[in-house]
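# Summary of structural features
So the chains spell out like this:
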Amino acid sequence: MIGRRPYAAFGNSTGDRQMLEYTKAGAGERLAMLVLHDDAQREYAYGPALGLPATRVGTFSQALYDQAKREGWVVISMKSDWKRIFTFEP
């Protein structure tokens, strides 16, 4: 829409795959990041990647996870990488 390829893209589901592919296809340094919702205790977990529950609310397929790892996209685990998810948490 803006006529230029972005340098960074962030997503959290299979629906974001094309945006990440488009961003990473550009010349030079590019950043593609995916948030893996894998913390059912503090937020909401969905997959089915890594054996997480498959839901209709969001989809993070194993194929997307595998592509992210293969192509060097950063996958951020809510469970492992975030100390806090919400500002009201201690």
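## Quick look at the environment of W73
With respect to the helices and strands, W73 occurs in the loop between α2 (62-71) and β3 (74-77). With residues near it in sequence (within four places) discarded, W73 still touches R17, L20, E21, K24, A32, L34, L64, Q67 and A68.

## Looking at the sheet that holds β3
Read from one edge of the open sheet, three strands run β1-β2-β3, paired in parallel fashion. A strand with exactly one partner marks an edge of an open sheet, and here the two such strands are β1 (8-11) and β3. Here the strands of the sheet are splayed against their neighbours by 20° on average, with no regard to which way each runs. Where β1 and strand β2 (residues 31-36) come together, four bridges link them in parallel fashion. Within β2, the residue paired with A9 across the bridge is A32. Across the sheet, helix α1 (residues 17-24) touches β1 and β2, and the angle it forms with β1 is around 165°.

## Notes on the pairing of β1
Because side chains alternate across β1, one face comprises the buried residues A9 and G11, and the other comprises A8 and F10, none of which is buried. Where the polypeptide runs from β1 across α1 and back to β2, its parallel neighbour, the crossover connection is right-handed.

## Examining a nonpolar patch on the surface
Judged by side-chain polarity, F10, L31 and V74 come together as a nonpolar surface patch covering roughly 250 Å² of accessible area. Secondary-structure assignment places F10 in strand β1.

## Digging into the packing of α1 against α2
Interhelical geometry of α1 versus α2 gives an angle of 10° and a closest axis separation of 12 Å. Here α2 runs roughly parallel to α1, going by the angle between their axes. Where α1 crosses over α2, the handedness of that crossing is left-handed. Residues R17, E21 and K24 of α1 touch α2, and the partners they reach there are A63, L64, Q67 and E71.

## Brief notes about the nonpolar core
What tends to happen in soluble globular proteins is that the nonpolar side chains get buried as a cluster. Residues L20, L34, F60, W73 and V75 are the most contacted members of the largest nonpolar core, which totals 15 residues. Among the elements of the structure, β2 and α2 are those that each provide at least two residues to this core. When sequence neighbours within four positions are dropped, the list of residues in contact with L20 reads A9, F10, A32, M33, L34 and W73.

Calculation criteria
- Residues numbered from 1 in each chain as written.
- Predicted model: local features only at pLDDT ≥ 70, side-chain atom pairs only at ≥ 80, totals over all residues.
- Heavy atoms only, no water.
- Helix = DSSP H or I, 4+ residues; strand = E, 2+ residues; numbered from the N terminus.
- Contact = heavy atoms within 4.5 Å.
- Pairing = 2+ DSSP bridges.
- Axes fitted to C-alpha atoms, helices over the stretch in contact; angles between N-to-C directions.
- Buried < 20%, exposed > 50% of the residue type's maximum accessible area, 1.4 Å probe, protein only.
- Right-handed = clockwise from strand over helix to strand, strands pointing away.
- Patch = residues over 30% accessible without salt bridge, like charges linked within 9 Å, V, L, I, M, F, W, Y side chains within 5 Å.
- Areas by Shrake-Rupley, 256 points an atom, 1.4 Å probe, with all protein chains shown as cover.
- Salt bridge = Lys/Arg side-chain N within 4 Å of Asp/Glu carboxyl O.
- Parallel < 35°, antiparallel > 145°, perpendicular 65-115°, else oblique.
- Left-handed = near helix turned anticlockwise from the far one by under 90°.
- Core = buried A, V, L, I, M, F, W, Y, C linked by side-chain atoms within 4.5 Å.

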